[in-house]
Structure formats: structure tokens, C-alpha cells
Amino acid sequence: MTRSVWLHVSIAILCALAVLLFLRVRGASGAPLSPESTAAGYRLAEAWCKDCHAIDAAGAKGRARDFVTIANRASTTALSLKVFMKTSHHRMPNLIIMPDQADDLVNYILSLKRN
């Protein structure tokens, strides 16, 4: 194959991957919050996060940002929260969070967003 053909094939593959990523991100952020998932997320936050974070509006301030503030940042999305949870941070314990647990925790945090 010539260099030109490889270039066209590579561009086509990259475009296809970009479309798939866009569809995945769009689908993940457009889903309604499930009450069961939100409640499960609250229970996880209570078990794992409340020592450092205020996990609801009534909670006392901890050493880390409270979840209401995090939820109401303009940059906070389901995707940004999931990426944050998968990233190691020096002042945050490295929890092993299963995908369904991450979904529940994200749904809970996003439920605190003021419209």
C-alpha cells in the first residue's frame, strides 16, 4: 500500500473512534439519575468519604471540598467525576471503586447540583 492509502485508512479509523467516543460520552451524561443509584451512592459516600468531605448540605466541612460545592462547579460532569475517581491523588486514599459503585457515587454527587 502507498503512503497515501495508509493516511486515508488512519484518518478513517480515527474518525470512527472519535464518533464512538462522542456517542459513549453523550449517552453517559444524558441518562436520568436513578433514585436507587443515588441512594446507593449516598451510602457509599457515608462509608468512604465523610471523614474528609461534607457529603451533603447539612454536613460539617471536612479537610476536603464538600460534595455540594463539587457538584455545582461548572466543570463537574459525570465523566469528569469518573475520571477523577480513577486518578490517583496524593491527599486522597486510593480506593478500588467498581464501575457500578462509581456510577452510584457520581449519581449521588450530581443529585446535589442546584439547577
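Small disclaimer: the values here were computed from a predicted structure and weren't measured.

## Points about helix H5 (residues 99-111)
Stage number 1. Here H5 spans 18 Å end to end across 13 residues, near enough to the 18 Å set by a 1.5 Å rise per residue.
Stage number 2. Those residues of H5 that fall on the buried side of the exposure criterion are Ala102, Asp104, Leu105, Val106, Asn107, Tyr108, Ile109 and Leu110.
Stage number 3. Tucked into the core, H5 has its buried residues touching helix H2 (35-48), helix H3 (67-71) and helix H4 (78-86).

## Focus on the packing of aromatic side chains
Stage number 1. Inspection of every chain in the model, using the stated rule, returns one aromatic pair.
Stage number 2. On the numbers, 5.3 Å between centres and 70° between planes, the contact of tyrosine 42 with tyrosine 108 is edge-to-face. You can see tyrosine 42 sitting in helix H2 and its partner tyrosine 108 sitting in helix H5, a full 66 residues away along the chain.

## Thoughts on the pattern of salt bridges
Two side chains that carry opposite charge are able to pair once their charged atoms sit near each other.
Stage number 1. Under the counting rule described, the total for this entry stands at one salt bridge.
Stage number 2. Its salt-bridge partner being lysine 82, residue aspartate 103 comes within 2.6 Å of it at the nearest N-O pair. With aspartate 103 in helix H5 and lysine 82 in helix H4, this residue pair connects regions lying 21 residues apart in the sequence.
Stage number 3. Assessed through its relative accessible area of 27%, lysine 82 is described here as partly exposed.

## A short note on the confidence of the model for the protein
Stage number 1. Taken over all residues, the pLDDT of the protein has a mean of 82, while the share at 70 or more is 81%.
Stage number 2. Element-level pLDDT for the protein is lowest in helix H1 (residues 3-30), with a mean of 66, against a maximum mean of 94 in H5.
Stage number 3. Under a pLDDT of 50 for its full length, residues 25-29 has, in the predicted model, two contacts with residues more than four places off or in other chains.

Basis of the calculations
Residues numbered from 1 in each chain as written. Predicted model: local features only at pLDDT ≥ 70, side-chain atom pairs only at ≥ 80, totals over all residues. Heavy atoms only, no water. Helix = DSSP H or I, 4+ residues; strand = E, 2+ residues; numbered from the N terminus. Expected span 1.5 Å × (residues − 1). Buried < 20%, exposed > 50% of the residue type's maximum accessible area, 1.4 Å probe, protein only. Contact = heavy atoms within 4.5 Å. Phe/Tyr/Trp six-rings, centres within 6.5 Å; stacked < 30°, edge-to-face > 60°. Salt bridge = Lys/Arg side-chain N within 4 Å of Asp/Glu carboxyl O. pLDDT = per-residue confidence, 0-100.

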